[in-house]
Amino acid sequence: MSWHHRDPVPSSSPDPALVGRRWLRAAGSGLLLCGAITGSALAVKAPAPAPAPKKVASAVTVNPAPFLRQLGLIGGDLRNFQAVVDANLSDAKSSKPMSFRLKVAVRFPDSVRMDVVSSSNGLFRGYKFSRMGSAVRVYDPISERVTDLNLATITGRQPIRMDLGIDLLAGIFRPRNYEVTQSGKTTLNGKPAVFMRLIPRRGYVPPQSILRLSHMMVWMDPVKRAPLKQESYGSEARLRGGYAPVKKLFTITFSRLTSGGAGLWYPAQVDIRTEHPKGGAPKVTHSTLIRVNGCLVSKTVSTEGGDGALQLTYSAIQVNQGLPPDTFNPGG
């Protein structure tokens, strides 16, 4: 999968008249799709003061170390990722869905590149989007220019490290980014389970965020040492400053536990229920998972509820195969 190109040399200060509304719409869609594909639309901060932890019945404490090690083995050491993604996106405010074929590359913890190979809407075809930390670059194929911006400068918030994400797999399978504050035996749906409460380590989080992740609660199979359920709690930034009270953000259910050999079991299906910030209908995301080169990655993703629907299908998946030096420099 080559990332080399022959685009004209970009300008760091493009003429706004050439970019205009076309660039804004394309960049906005790029950010949304990037977040959906990588599970990185949110950012987190060092733990905010939180209410007393939810009590989970447990008469016997459990050493969490073997379960954390198993979570790391399940996820694998995912350093970089490439794929072709077929995306179908519909907006609740629009009756006409859009489809895209994207070429995507990700390098952990904070770099992503997305090229629009084809689209049902010609407005987006040929656009190239990249992000490295706070820096964002968008290549406009019509004006043949690159626009640079900085998310932290524009929003006053730091973007997320993708290995500290609170969506899909980024957080739960990066246990070294968290500290265990509680663990023990319990039951889940009437069956034995191991429970752990985790908070993000301070050294892994940005100084500002659009959301403060307070803690996660994880339930695991005591024999297969595979995750069964996760709940994440945090507080959202208010427009006029400060943060809302800590609340449950979403719930993940892991299912279809599958043998990966050598005593390793992994979930082949995850279902994520994201709570609506204003109490409306929640958004539910379904994802099927596969292991590639020892790492757990998504094969399909679909959403329902919320403000629209999204379907993603990944193909030509490459894991830890290395990336060319200019991967995250669209336009030259």
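Report on the accompanying structure. Model, not experiment: these values are computed from the prediction.

Focus on the overall build of the chain
Reasoning step 1: Helix and strand counts for the chain stand at 3 helices and 15 strands.
Reasoning step 2: Burial analysis of the chain (332 residues in total) assigns 48% to the buried set.
Reasoning step 3: Counting only contacts in the chain whose residues sit at least 6 apart along the sequence, the fraction spanning at least 24 positions is 55%.
Reasoning step 4: Accessible surface, the chain: about 15,600 Å² in total, of which carbon and sulfur atoms supply 54%.

Comments concerning the side chain of Asn-320
Reasoning step 1: Take Asn-320: it is sitting in the segment after strand E15 (308-319).
Reasoning step 2: The buried category is assigned to Asn-320, whose relative accessible area is 16%.
Reasoning step 3: A distance of 2.8 Å separates a polar atom in the side chain of Asn-320 from the backbone nitrogen of Arg-79.
Reasoning step 4: For Asn-320, the residues in contact, after removing those within four places along its chain, are Asp-77, Leu-78, Arg-79, Asn-80, Asn-293 and Cys-295.

Structural notes on the nonpolar core
Reasoning step 1: By size, the foremost hydrophobic cluster in this structure holds 26 residues, and its most contacted members are Phe-81, Leu-102, Leu-312, Tyr-314, Ile-317 and Val-319.
Reasoning step 2: Broken down by element, the residue count for this core peaks at 5 residues, all from E15.
Reasoning step 3: The contact partners of Ile-317, leaving out residues within four places of it in the chain, are Phe-81, Gln-82, Ala-83, Ile-290, Val-292, Val-297 and Ser-298.
Reasoning step 4: By size, the runner-up hydrophobic cluster in this structure holds 25 residues, among which are Ile-74, Met-196, Phe-254 and Ala-268.

Section: the layout of surface pockets
Reasoning step 1: Computed from the structure, the second largest pocket encloses a volume of approximately 240 Å³.
Reasoning step 2: If you trace the second largest pocket, you find it lined by Leu-188, Asn-189, Lys-191, Pro-192, Asp-221, Leu-228, Lys-229, Thr-253 and Phe-254.

Some details on the pattern of salt bridges
Reasoning step 1: Under the defined criterion, the tally for this structure stands at 7 salt bridges.
Reasoning step 2: Across the pair Arg-201 and Glu-179 runs a salt bridge whose closest N-O atoms are separated by 3.5 Å. Of this pair, Arg-201 sits in the loop between strand E8 (191-200) and strand E9 (211-220) while Glu-179 sits in strand E7 (residues 178-188); the two residues are 22 residues apart in sequence, bridging distant segments of the chain.
Reasoning step 3: Given a relative accessible area of 32%, Arg-201 falls into the partly exposed group.
Reasoning step 4: For Glu-179, a relative accessible area of 35% gives the class partly exposed.
Reasoning step 5: A salt bridge links Glu-231 to Lys-229; the shortest N-O distance between them is 3.3 Å.
Reasoning step 6: Bridged by salt links that share partners, the residues Lys-229, Glu-231 and Lys-248 form one connected network.

Quick look at the environment of Lys-299
Reasoning step 1: The topology assignment puts Lys-299 in strand E14 (residues 295-304).
Reasoning step 2: When its relative accessible area of 32% is taken as the criterion, Lys-299 is described as partly exposed.
Reasoning step 3: If we ignore the near neighbours within four places in the chain, the residues touching Lys-299 are Thr-288, Leu-289, Ile-290, Leu-312, Thr-313, Tyr-314 and Ser-315.
Reasoning step 4: A distance of 3.0 Å separates a polar atom in the side chain of Lys-299 from the backbone oxygen of Tyr-314.

Focus on the pairing of E8
Reasoning step 1: In terms of residue burial, E8 counts as a mostly covered element, since 8 of its 10 residues are buried.
Reasoning step 2: With 10 bridges connecting them, E7 and E8 associate as antiparallel partners. The partner of Glu-179 across the bridge, within E8, is Ile-199.
Reasoning step 3: Linking E7 to E8, which pair antiparallel, is a turn of 2 residues; within it Asn-189 sits at a positive phi near 55 degrees.

Overview of the packing of aromatic side chains
Reasoning step 1: What the rule picks out here adds up to 3 aromatic pairs.
Reasoning step 2: Geometrically, the ring pair formed by Phe-81 and Tyr-314 is edge-to-face, given 6.2 Å between the ring centres and 65 degrees between the ring planes. Here Phe-81, found in strand E1 (residues 80-91), pairs with Tyr-314, found in strand E15; they are 233 residues apart in sequence, far enough to count as distant. The burial state of Phe-81 is the same as that of Tyr-314; both residues are buried.

Considerations on the environment of Glu-236
Reasoning step 1: Positionally, Glu-236 belongs in strand E10 (residues 227-236).
Reasoning step 2: When its relative accessible area of 26% is taken as the criterion, Glu-236 is described as partly exposed.
Reasoning step 3: Between the C-alpha atoms of Glu-236 and Leu-213, which are 23 residues apart in sequence, the distance is 8.8 Å.

Things to note about unusual backbone geometry
Phi is mostly negative for residues that are not glycine, and the peptide bonds are mostly trans.
Reasoning step 1: For Arg-256, which is not glycine, the phi torsion reads 55 degrees and is therefore positive.
Reasoning step 2: Of the residues examined, Arg-256 reaches a relative accessible area of 51% and is grouped as exposed.
Reasoning step 3: Here Asn-293, not a glycine, exhibits a phi torsion of approximately 50 degrees, which is positive.

Quick word on the environment of Asp-86
Reasoning step 1: Here Asp-86 shows up in strand E1.
Reasoning step 2: Leave out the neighbours within four places in its chain, and Asp-86 touches Phe-100, Arg-101, Gln-311, Leu-312 and Thr-313.

About the cut-offs
Residues numbered from 1 in each chain as written. Predicted model: local features only at pLDDT ≥ 70, side-chain atom pairs only at ≥ 80, totals over all residues. Heavy atoms only, no water. Helix = DSSP H or I, 4+ residues; strand = E, 2+ residues; numbered from the N terminus. Buried < 20%, exposed > 50% of the residue type's maximum accessible area, 1.4 Å probe, protein only. Contact = heavy atoms within 4.5 Å. Areas by Shrake-Rupley, 256 points an atom, 1.4 Å probe, with all protein chains shown as cover. Polar contact = N/O pair within 3.5 Å; in protein donor to acceptor, adjacent residues only side chain to side chain. Core = buried A, V, L, I, M, F, W, Y, C linked by side-chain atoms within 4.5 Å. 1 Å grid on protein atoms, 1.4 Å probe; cavity = no way out; pocket = protein on both sides within 12 Å on 5 of 7 lines; lining within 4 Å. Points joined across faces, edges and corners; volume = space filled by probe spheres on them. Salt bridge = Lys/Arg side-chain N within 4 Å of Asp/Glu carboxyl O. Pairing = 2+ DSSP bridges. Phe/Tyr/Trp six-rings, centres within 6.5 Å; stacked < 30°, edge-to-face > 60°.

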